[in-house]
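# Fold and geometry: a report
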Amino acid sequence: MDHFGIWLAAFLTLGIYSFLYRDNAWYKLSESIFIGISAGYWVVILFWDNFYAKFWLQRQDDPMLWVGAALGFLMLLRLIPKIGWIARWPLAFIDGATAGLWGMNFLASNIMVQTKATIMPLMGPAFSGSIGDLLSNLVLVGGTFCGLIYFFFSKEHKGAFGNAARVGIWTIMITFGAMFGYTVMSRMSLLIGRIDFLFRDWLGLLK
Amino acid sequence: MRREIPLAITVFVGFLLIISVFFPPVETLGEDFSLSFDIIAVFAFFLGGGNLIRIHLKKLARRETDWMFSIVTLGGFILMLTAGLLKIGNPGDIATSVNTEGMLFESIYRSVFVPLGATMYALLAFFVASASYRAFRAKNREATILLVAAFIILMGSTPLGAMATSWMPESLSIFEIPNLAVWIMSYANLAGQRAIIIGIGLGVVSMSLRLILGVERSYLGKEG
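Just so it is clear, the structure is predicted and the values come from calculations on it, not from any experiment. (Residues numbered from 1 in each chain as written. Chains lettered and ligands numbered in written order. Predicted model: local features only at pLDDT ≥ 70, side-chain atom pairs only at ≥ 80, totals over all residues. Heavy atoms only, no water.)

## Quick word on the interface of chain B and chain A
Stated precisely, the cut-off is as follows: Contacts are assigned to residue pairs that have any heavy atoms within 4.5 Å of one another. Take the accessible area each of two parts loses on contact, using a 1.4 Å probe, and add the two losses: that sum is the buried area. By convention in these notes, a salt bridge is any Lys or Arg side-chain nitrogen within 4 Å of a carboxyl oxygen on Asp or Glu. In protein, a polar contact requires one atom able to donate a hydrogen and another able to accept it; more generally it is a pair of N or O atoms within 3.5 Å, and residues adjacent in sequence count only if both atoms are side-chain atoms.
Of the residues lining the interface, 112 residues belong to chain B; the matching set on chain A comes to 107 residues. For the pair chain B and chain A, the summed buried area comes to about 10,100 Å², and 81% of that belongs to carbon and sulfur atoms. The largest share of the area that chain B buries against chain A comes from Ile40, Phe43 and Arg194 of chain B, three residues that together contribute 6% of it. For the pair chain B and chain A, the interface holds two salt bridges. A salt bridge links Lys28 of chain A to Asp66 of chain B, with the nearest nitrogen and oxygen atoms 3.0 Å apart. Counting across the chain B and chain A interface gives 16 residue pairs in polar contact (both at pLDDT 80 or more).

Okay, structure coming up:
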């Protein structure tokens with residue numbers, strides 16, 4: 001990064017951190033720049049990567065992609081209130097195709113594969129005879145099963161069913177705790193990265 | 001007509017794609033439709049850009065609170081768009097990637113987009129810390145489990161966690177915090193993750209069926 005780029009990045013970084021004191025003009029300026037720049041960034045990237053590279057350069061003769069382009073164009077009609085209702089057509093196409101594709105894919109990957117991966121270590125080729133592994137795998141199977149029971153709201157959570165649901169919520173709490181721990185760690189590493197940038201690249205205090 | 005045509009499109013496309021899974025002559029349809037999505041996504045982003053311009057121009061025209069920052073947002077958007085679509089500073093031909101060094105687009109990306117994006121996310125570290133201070137109280141059994149799991153994962157990722165339990169004998173090594181963190185991630189956490197993943201899968205399948213069978217129509221909006 002050149003000298004001007006480093007100063008600009010430092011100015012904007014400190015502008016965002018100034019929010020920790022309170023909402024102020026410096027923060028709002030940095031935030032507005034970020035919104036504008038990131039919106040422009042994604043429009044440009046999608047235009048060159050998707051429209052130009054995948055369609056214009058490689059598959060211009062594919063009628064299916066022309067249909068996609070035509071539907072995409074219809075989507076822009078939303079900006080004209082009088083004929084904005086035509087924009088429902090591409091939306092309907094996306095909904096139908098997403099339902100058709102994802103319905104089948106999720107059935108195969110999220111339900112069948114995950115269920116198989118959960119059960120196989122207990123009885124398949126991945127079975128391990130050690131007590132430790134067996135107990136751990138039982139925790140995995142039991143936790144998954146009880147977690148699913150917790151998500152089943154068509155029956156009142158009472159009796160044995162309620163107990164299983166309670167174990168399910170404990171399992172899910174462990175997952176949330178682990179996810180929270182990892183989120184904190186990732187944010188902290190980003191923070192360390194920004195501090196490193198300020199002290200090393202900008203101020204030159206770290207070598 | 002305004003609702004029937006889109007409904008027919010959804011039903012037709014949905015059924016076609018389900019059939020394509022079982023019917024070899026049309027099995028590549030899924031890939032073709034995915035590519036069409038990518039093309040539609042470009043226009044969707046242009047629509048998003050158009051909306052951004054419209055909202056901020058409206059804010060400017062009405063001189064709403066903080067209207068001057070709308071000029072900055074619009075300026076940033078137009079600058080990035082111009083730099084990227086015209087490939088200003090392009091050292092090669094039109095096929096050269098916009099992320100090539102020397103291009104104005106790439107310079108802005110490196111000096112503005114990356115630091116701002118990283119700082120925005122890093123800022124959340126402070127809010128996560130203050131939120132956890134308020135929320136992390138072992139008020140009941142569920143909250144205690146969450147607290148303990150998060151603590152072990154956090155400690156397990158730091159040298160302090162390893163140091164704190166390094167005195168344990170070999171036979172109890174599973175209870176060393178880093179090992180405990182690995183076990184939680186590999187089993188207890190995975191069980192919850194799988195319950196959530198399977199639950200999401202069941203939800204997606206049922207919602208897909210509702211869409212394809214025309215039961216779910218909320219995406220069509222109101223009449224008119």
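## Points about the environment of Ala70 of chain A
Stated precisely, the cut-off is as follows: Helix numbering and strand numbering both begin at the N terminus, where a helix is a DSSP run of H or I of at least 4 residues and a strand a DSSP run of E of at least 2.
Its location among the elements puts Ala70 of chain A in helix H3 (residues 63–75). Ala70 of chain A sits 20 residues away from Pro90 of chain A along the chain, and the two C-alpha atoms are 8.8 Å apart.

## Some remarks on the nonpolar core
Heads up, the rule is: Throughout this description, the term nonpolar core refers to a set of buried Ala, Val, Leu, Ile, Met, Phe, Trp, Tyr and Cys residues connected via side-chain atoms within 4.5 Å. With a 1.4 Å probe rolled over the protein chains alone, any residue whose accessible area is under 20% of its type maximum counts as buried; one over 50% counts as exposed, and the rest are partly exposed.
Among the nonpolar cores identified, the biggest contains 29 residues, and Ile37 of chain A together with Phe105, Val112 and Leu116 of chain B are the most heavily contacted of them. Where this core is concerned, the elements lending two or more residues are helix H1 (3–17) and helix H2 (25–57) of chain A together with helix H3 (67–85) and helix H4 (104–135) of chain B. Top contributing element to this core by residue count: H2 of chain A, with 10 residues. Dropping the residues within four chain positions of it, Val112 of chain B is found in contact with Leu8, Leu12, Ile33 and Ile37 of chain A. The next biggest cluster of nonpolar side chains, apart from the first, holds 21 residues, and it includes Leu101 of chain A together with Leu29, Phe33 and Leu220 of chain B.

## Topic: the packing of aromatic side chains
The cut-off we apply is this: Two rings from Phe, Tyr or Trp (for Trp, the six-membered ring) form a pair when their centres sit within 6.5 Å of each other. Planes less than 30 degrees apart are called stacked, planes more than 60 degrees apart edge-to-face, and all others tilted. Think of it as a cone above the ring: NZ of Lys or CZ of Arg counts as a charge over the ring if it is within 6 Å of the ring centre and within 35 degrees of the ring normal.
In the structure shown here, the tally under the stated rule is 29 aromatic pairs over all chains. Plain terms: the ring middles of Tyr41 of chain A and Tyr109 of chain B are 5.0 Å apart, the flat faces sit at 15° to each other, and that makes the pair stacked. Placement of the pair is Tyr41 of chain A in helix H2 and Tyr109 of chain B in helix H4, with the two residues belonging to separate chains. Here Trp48 of chain A and Tyr52 of chain A contribute two aromatic rings whose centre-to-centre distance is 5.1 Å and whose plane-to-plane angle is 80°, an arrangement assigned as edge-to-face. Of this pair, Trp48 of chain A and Tyr52 of chain A both sit in helix H2, four residues apart, which is roughly one turn of the helix. Joined through ring pairs, the aromatic side chains of Phe47, Trp48, Phe51, Tyr52, Phe55, Trp56 and Trp66 of chain A together with Phe43 and Phe46 of chain B make up one cluster. Just above the ring of Trp67 of chain B sits the side chain of Arg63 of chain B; from NZ or CZ to the centre is 4.4 Å.

## Notes on a nonpolar patch on the surface
Put simply, the rule is: Patch members must show over 30% relative accessible area and no salt bridge, and they are joined within 9 Å when carrying like charges or within 5 Å when they are nonpolar side chains of Val, Leu, Ile, Met, Phe, Trp or Tyr. Accessible surface is estimated by sampling points in the Shrake-Rupley manner with a 1.4 Å probe; for residues, cover comes only from the protein chains shown.
On the surface, Phe15, Ile19, Phe23, Leu209, Leu213 and Val215 of chain B cluster together into a nonpolar patch covering about 570 Å² of accessible area. Inspection of the secondary structure puts Val215 of chain B in the segment after helix H7 (177–212).

## Side note on unusual backbone geometry
All names here are of chain B. Residue Arg63 is not a glycine yet carries a positive backbone phi of 50°. In this fold, Arg63 is placed in the loop between helix H2 (29–61) and H3. Residue classification places Arg63 among the exposed residues on the basis of a relative accessible area of 54%.

## Some points on H1 of chain A
The cut-off we apply is this: Multiplying one less than the number of residues by 1.5 Å gives the expected span of a helix.
Helix length check: H1 of chain A (15 residues) gives 21 Å between terminal C-alpha atoms against 21 Å at 1.5 Å per residue, within 8%. Inspection of H1 of chain A places Gly5, Ile6, Ala9, Ala10, Leu12, Thr13, Gly15, Ile16 and Tyr17 of chain A among the buried residues, and these make up the whole buried set.

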